[in-house]
Amino acid sequence: MSVGLLWLGFTLLGALHTQARSSSSRLLRAPPLSKIPLQPNFQADQFQGKWYTVGVAGNAIKKEEQDPLKMYSSNYELKEDGSYNVTSILLKDDLCDYWIRTFVPSSQPGQFTLGNIKSYRGIRSYTVRVVNTDYNQFAIVYFKKVQRKKTYFKITLYGRTKELTPEVRENFINFAKSLGLTDDHIVFTVPTDRCIDDQ
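Since the model is a prediction, treat every value here as computed from it, not as a measurement.

A look at the pattern of salt bridges
Considering all chains together, one arrives at six salt bridges under this definition. The salt bridge partner of Arg194 is Asp94, with a shortest N-O separation of 3.1 Å. Residue Arg194 is found in the segment after β9 (186-188), and its partner Asp94 is found in the loop between β3 (84-92) and β4 (95-105); the two are separated by 100 residues along the sequence. In this structure Arg194 comes out as partly exposed when scored by relative accessible area, which is 41%. Exposure remark for Asp94: the relative accessible area of 56% places this residue in the exposed category. Among the charged side chains, a network of salt bridges with common partners joins Lys50, Lys162, Asp193 and Asp197.

Here it is, written out as structure tokens:
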């Protein structure tokens, strides 16, 4: 299984077999949440809808080991209790894969935890934080997962469309590097029309 698929599994389910990665690889330490910005006055209703994953950066990504990562989409459906049902679709082995999970709001608007976390083997905690968004074009979202004795963190660049401006992409790169990630930890996805427009 490729590192790209392993990372994608983390993104979509928050709990695929990242232990398949070499145990000898050292992970960059995750920054404390206090260093991760939170979108001011987060508007949950405006954030809902379809987002395309344009870029990802994280401490378990190594660009030189990565196959080209195909773009995937995630649809955030706001529920009455303020949580999101999140359905992600990706093209995997020539089939459309659907991954569904729930993000439950925390005491801070724009921050969430993984619902029904006990059903994800080995996951001790899972945090989602909306760092920055204009709701209409882009969003930068931080994910942190503690699984067994390892802590993984990832930043996702979402777009309402499959292409984003160079300025937005550069802001994403600068934010990733501010957390200690390097160019080798940052990957932009390859757009596709298959599966991801089915929602």
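There's more to say after this.
Brief notes about helix α3 (residues 166-178)
The end-to-end C-alpha separation of α3 is 18 Å, in line with the 18 Å expected for 13 residues at 1.5 Å each. Those residues of α3 that sit buried are Val168, Phe172, Ile173, Phe175 and Ala176. All buried residues of α3 project into a common sector of 165 degrees when viewed along the axis, lining one side. Counted as exposed and oriented over 90 degrees from the buried face of α3: Pro166, Glu167 and Ser178. Check the buried side of α3 and you find it contacts β1 (49-58), β6 (123-133), β7 (138-147), β8 (150-159) and β9.

Thoughts on the packing of aromatic side chains
A full pass over the atoms with the stated rule returns 16 aromatic pairs. Centre to centre, the rings of Phe47 and Tyr76 are 5.2 Å apart; their planes meet at 80 degrees, and the pair counts as edge-to-face. Pair noted here: Phe47 is in helix α2 (residues 44-47) and Tyr76 is in strand β2 (residues 73-78), with a separation of 29 residues, a long-range link. What makes Tyr76 buried here is its relative accessible area of 3%. By way of ring pairs, the aromatic residues Phe42, Phe47, Trp51, Tyr76, Tyr84, Phe103, Phe112, Tyr126, Tyr135, Phe143 and Tyr158 are connected into one cluster. Above the ring of Tyr152, the side-chain terminus of Lys145 is found at 4.9 Å from the ring centroid.

Here is what the cut-offs are and how they apply
- Residues numbered from 1 in each chain as written.
- Predicted model: local features only at pLDDT ≥ 70, side-chain atom pairs only at ≥ 80, totals over all residues.
- Heavy atoms only, no water.
- Salt bridge = Lys/Arg side-chain N within 4 Å of Asp/Glu carboxyl O.
- Helix = DSSP H or I, 4+ residues; strand = E, 2+ residues; numbered from the N terminus.
- Buried < 20%, exposed > 50% of the residue type's maximum accessible area, 1.4 Å probe, protein only.
- Expected span 1.5 Å × (residues − 1).
- Arc of directions from axis to C-beta.
- Contact = heavy atoms within 4.5 Å.
- Phe/Tyr/Trp six-rings, centres within 6.5 Å; stacked < 30°, edge-to-face > 60°.
- Lys NZ or Arg CZ within 6 Å of the ring centre and 35° of its normal.

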